[in-house]
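# Topology and contacts: notes
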Amino acid sequence: MIKKDSRLLTKLRNNCGSVKKRCLVVSLIFSLFVLFGCSSSQGQVAVNKSDPVILAKIDQHYKKWKKTPYRYGGTTLAGSDCSALVMNFYKNRLAKTLPRSAAEQAKLGYKVTTPKAGDLVFFKTGRSRSGLHVGIYYADGKFLHASTSKGVIFSNLKEDYWKKHYWMTRRVIDTKVK
């Protein structure tokens, strides 16, 4: 009887050790899901949310430039091209110096797939020397740019023309603007 009890006791200890290991593994997996599940969802919220300060600055820039006609090579309210509009926005509203041409602006920052206010949206239109067109992303698919036919306006990325010519979006600013 003592031998049998000893074997049962050994079997019971082995089973308890196995149960402890399973509980530890399950707890570890659950903890990882909680930890990484929360951090990734918080990141997505931050990426998709546009900064209201940037939106206000784009609105102010538009109010000042809205009657400006398109003029290739122009940099003033008397006439401006797309890259000058962008350059002036960054200089006067965000105190950031950008290059003069859309081709040089396309090298700044980093590519993003989900644009937010203030990002640069680029199109391959075949116009101008570089064949590039640039605008400032606003929100809900809208972007501010200097249209060759209508001057400074808001357009929508969902419009057929812009969908067809869209190239990329680049983020030049990362911090909140005061």
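Residues numbered from 1 in each chain as written. Predicted model: local features only at pLDDT ≥ 70, side-chain atom pairs only at ≥ 80, totals over all residues. Heavy atoms only, no water.

### Re the environment of Ile153
Relative to the helices and strands, Ile153 resides in strand S7 (residues 151-156). The class for Ile153 is buried, based on a relative accessible area of 19%. The spacing of Ile153 and Thr68 is 85 residues in sequence and 9.2 Å in space, taken between C-alpha atoms. Excluding its chain neighbours within four sequence positions, the residues that come into contact with Ile153 are Tyr62, Phe143, Leu144, His145 and Ser147. (Helix = DSSP H or I, 4+ residues; strand = E, 2+ residues; numbered from the N terminus. Buried < 20%, exposed > 50% of the residue type's maximum accessible area, 1.4 Å probe, protein only. Contact = heavy atoms within 4.5 Å.)

### Comments concerning the sheet that holds strand S3 (residues 110-112)
Strand order in this open sheet of six strands is S3-S8-S4-S5-S6-S7, and the pairing throughout is antiparallel. Edge positions in the sheet fall to S3 and S7, since each of these pairs with one other strand and no more. Direction aside, neighbouring strands of the sheet carry axes that sit 35 degrees apart on average. Note: strand S4 (residues 120-124) against strand S8 (residues 166-171), four bridges, orientation antiparallel. When the bridges of S8 are listed, Val121 appears paired with Thr169. Sitting on the sheet, helix H2 (residues 52-65) is in contact with strand S5 (132-137), strand S6 (142-147) and S7, with an inclination near 140 degrees to S7. On the sheet, helix H3 (residues 82-94) packs against S4, S5, S6 and S7 and is oriented at approximately 35 degrees with respect to S5. (Pairing = 2+ DSSP bridges. Axes fitted to C-alpha atoms, helices over the stretch in contact; angles between N-to-C directions.)

### Considerations on the nonpolar core
Among the nonpolar cores identified, the biggest contains 27 residues, and Ile58, Val86, Tyr90, Leu120 and Val134 are the most heavily contacted of them. Elements that contribute at least two residues to this core include exactly H2, H3, S4, S5 and S6. Examining the composition of this core, we find that six residues originate from one element, H3, more than from any other. Aside from chain neighbours lying at most four places away, what touches Ile58 is Phe89, Ala117, Gly118, Ile136, Tyr137, Tyr138, Leu144 and Phe154. Val121, Phe143, Leu157 and Trp162 belong to the second largest nonpolar core, which has six residues in total. (Core = buried A, V, L, I, M, F, W, Y, C linked by side-chain atoms within 4.5 Å.)

### Some details on the pairing of S4
Summarising burial for S4: four of the five residues are buried, a large majority. Direction of pairing for S4 relative to S5: antiparallel, over a ladder of five bridges. Bridge pairing in S5 places Phe123 opposite His133.

### Regarding the packing of aromatic side chains
Taken as a whole, this structure holds nine aromatic pairs when the rule is applied. Here the aromatic rings of Tyr161 and Trp162 are separated by 4.8 Å at their centres, their planes lie at 85 degrees, and the arrangement is edge-to-face. Through a chain of ring-to-ring contacts, the aromatic side chains of Phe123, Phe143, Tyr161, Trp162 and Tyr166 assemble into a single cluster. Against the face of Phe154 rests Lys142, its NZ or CZ located 5.1 Å from the ring centre. (Phe/Tyr/Trp six-rings, centres within 6.5 Å; stacked < 30°, edge-to-face > 60°. Lys NZ or Arg CZ within 6 Å of the ring centre and 35° of its normal.)

### Some details on the packing of H2 against H3
Viewed as axis vectors pointing N to C, H2 and H3 meet at an angle of 120 degrees, and their least axial separation amounts to 10 Å. Considered as vectors, H2 and H3 are oriented oblique to each other. By crossing handedness, the relation of H2 to H3 is classed as right-handed. In contact with Ile54, Lys57, Ile58, Gln60, His61, Lys64 and Trp65 of H2, H3 contributes Leu85, Asn88, Phe89, Arg93 and Leu94. Considering only residue class, the contact of H2 with H3 consists of six nonpolar, three polar and three charged. (Parallel < 35°, antiparallel > 145°, perpendicular 65-115°, else oblique. Left-handed = near helix turned anticlockwise from the far one by under 90°. Nonpolar A, V, L, I, M, F, W, Y, C, P; charged D, E, K, R; others polar.)

### As for the confidence of the model for the protein chain
Scored by pLDDT, the protein chain comes out at a mean of 82, with 69% of its residues at no less than 70. Contacts of residues 28-48 to residues separated by more than four positions or lying in other chains number five contacts, the stretch itself having pLDDT below 50. (pLDDT = per-residue confidence, 0-100.)

### Observations concerning unusual backbone geometry
Look at Ala95: it is not a glycine, yet its phi comes out positive at around 55 degrees. Relative to the elements of secondary structure, Ala95 occurs in the loop between H3 and helix H4 (102-105). For Ala95, a relative accessible area of 74% corresponds to the exposed category. The backbone phi angle of Asp140 is positive, close to 50 degrees, even though this residue is not glycine. On the secondary structure map, Asp140 appears in the loop between S5 and S6. On the basis of relative accessibility, which here comes to 66%, the residue Asp140 falls in the exposed class.

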